[in-house]
Amino acid sequence: PQWRHYFRSTLAHNTVCVDGADQSAAGGPFMWLRKARTRVLAFDPNPDAGGAQRWLAQHDGYTRQPDPVLHQREVEWNADQSRLTVTDTLHGHRAHEVCVAWHFAPDCTLTAQAQGYHVQAAQATLLMQVQDPTSGTPAGTAGHWTHHRGNPDELLGWHSPRFGQRVPAASLLWHTPIVGTHTVRTHIVILRNAQPKPRDNTT
């Protein structure tokens with residue numbers, strides 16, 4: 001049951017978890033008591049020359065908390081810079097603990113760098129960086145990364161290719177304390193694309 005709950009939880013997906021809660025409330029193995037409602041606020045798939053494709057949406061899953069929090073996510077793709085920028089804005093009033101989760105395929109290798117994390121995959125190398133206003137604040141309040149992979153004593157760091165099966169895979173989490181409205185921006189830069197294999201024209 002704990003694994004089933006984890007793999008359908010908010011933390012097991014590439015999104016933001018607030019105060020360890022799920023966006024939607026489960027009522028059993030096959031039922032949801034409350035589903036987060038989503039709304040697309042902006043969509044620009046055809047920007048001007050040199051611009052970025054942009055998508056902005058929000059959900060109300062955390063507005064059920066004592067201090068309601070509205071989560072907005074903006075995604076921008078800049079093809080000229082090979083950069084994906086994910087901006088998460090949490091609209092609230094009080095203090096909360098926020099976790100931005102990123103999960104990777106089992107064959108990806110993560111390496112910590114001074115400026116973030118390198119992600120090595122079969123077809124590309126990525127650089128992940130975070131802009132967070134808490135960085136550089138007094139000790140104990142700054143945002144920080146945690147890296148998980150296949151530890152049998154914890155749920156994080158696993159991929160489930162099918163029901164009842166799990167394999168080790170990297171999970172990267174950015175933890176940050178917030179007060180009131182707060183924005184965390186994640187930059188994902190493609191450093192290298194894999195070159196296509198030459199075609200074999202022999203008969």
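Note that this is a predicted model, so its numbers are computed, not measured. Per chain, residue numbering runs from 1 following the sequence as it is written. With the structure being a predicted model, the display of local features is reserved for residues of pLDDT at least 70 and the display and counting of side-chain atom pairs for 80 or more, all residues being used for whole-chain, interface and lining totals. Side-chain numbers come from the whole structure's heavy atoms, not from hydrogens or water.

Enquirer: I'd like a description of the overall build of the protein, backed by residues and values.
Expert: Secondary structure elements are defined from DSSP: runs of H or I of at least 4 residues count as helices, runs of E of at least 2 residues count as strands, and each element is numbered from the N terminus. Counting secondary structure elements, the protein contains one helix and 16 strands. Expressed as a percentage of the 203 residues in the protein, the buried residues total 39%. Residue contacts are counted whenever heavy atoms from the two residues lie within 4.5 Å of one another. Taking contacts inside the protein between residues at least 6 apart in sequence as the whole, the part at least 24 apart equals 57%. Roughly 12000 Å² of accessible area belongs to the protein as shown, and the carbon and sulfur atoms make up 54% of that amount. Exposure is judged per residue with a 1.4 Å probe applied to protein chains only, and the accessible area is read against the type maximum: over 50% gives exposed, under 20% gives buried, and values in between give partly exposed. Residue exposure ignores everything except the shown protein chains as possible cover, and the areas themselves are Shrake-Rupley values with a 1.4 Å probe.

Enquirer: Which residues make up the sheet that holds strand S12 (residues 144-149), and what values do they have?
Expert: By the convention used here, strands pair only if DSSP detects at least 2 bridges between them. Pairing within the open sheet is antiparallel, and its four strands lie in the order S1-S8-S15-S12. Whereas interior strands pair on both sides, the edge strands pair on one side only; in this sheet they are strand S1 (16-18) and S12. The sheet shows a mean angle of 25° between the axes of neighbouring strands, taken without regard to direction. Note: strand S8 (residues 95-103) against strand S15 (residues 170-179), nine bridges, orientation antiparallel. The residue bridging Trp102 from the neighbouring strand is Leu172, located in S15. Between N-to-C directions, angles span 0 to 180 degrees; the directions come from axes that are lines fitted to C-alpha atoms, helices contributing only their stretch in contact.

Enquirer: A description of the nonpolar core should follow, citing residues and the corresponding values.
Expert: The set of buried Ala, Val, Leu, Ile, Met, Phe, Trp, Tyr and Cys residues whose side-chain atoms join them within 4.5 Å is what this entry labels a nonpolar core. Counting 31 residues, the largest nonpolar core has Trp102, Phe104 and Leu110 as the members making the most contacts within it. Residue assignment for this core shows that the elements contributing at least two residues are S1, strand S7 (83-91), S8, strand S10 (116-120), strand S11 (124-131), S15 and strand S16 (182-193). With residues up to four places along the chain from it excluded, the contact list for Phe104 reads Leu110, Val119, Met128, Ala169, Ala170 and Leu172.

Enquirer: An account of the pattern of salt bridges is requested, with residue identities and associated values reported.
Expert: Salt bridges are defined as contacts in which a side-chain nitrogen from Lys or Arg sits within 4 Å of a carboxyl oxygen from Asp or Glu. Taken as a whole, this structure holds four salt bridges when the rule is applied. A salt bridge links Glu74 to Arg54; its shortest N-O distance comes to 2.3 Å. Of the two residues, Glu74 is situated in strand S6 (residues 70-78) and Arg54 in strand S5 (residues 53-59); the sequence distance between them amounts to 20 residues. Overall, the relative accessible area of 29% leaves Arg54 in the partly exposed class. Here Asp88 ties to Arg73 by a salt bridge, and the two come within 2.6 Å at their closest N and O atoms. On the criterion of sequence distance, the pair formed by Asp88 in strand S7 and Arg73 in strand S6 is long-range, its members being 15 residues apart. It is possible to trace a salt-bridge network through shared partners that takes in Arg34, Arg37 and Asp60.

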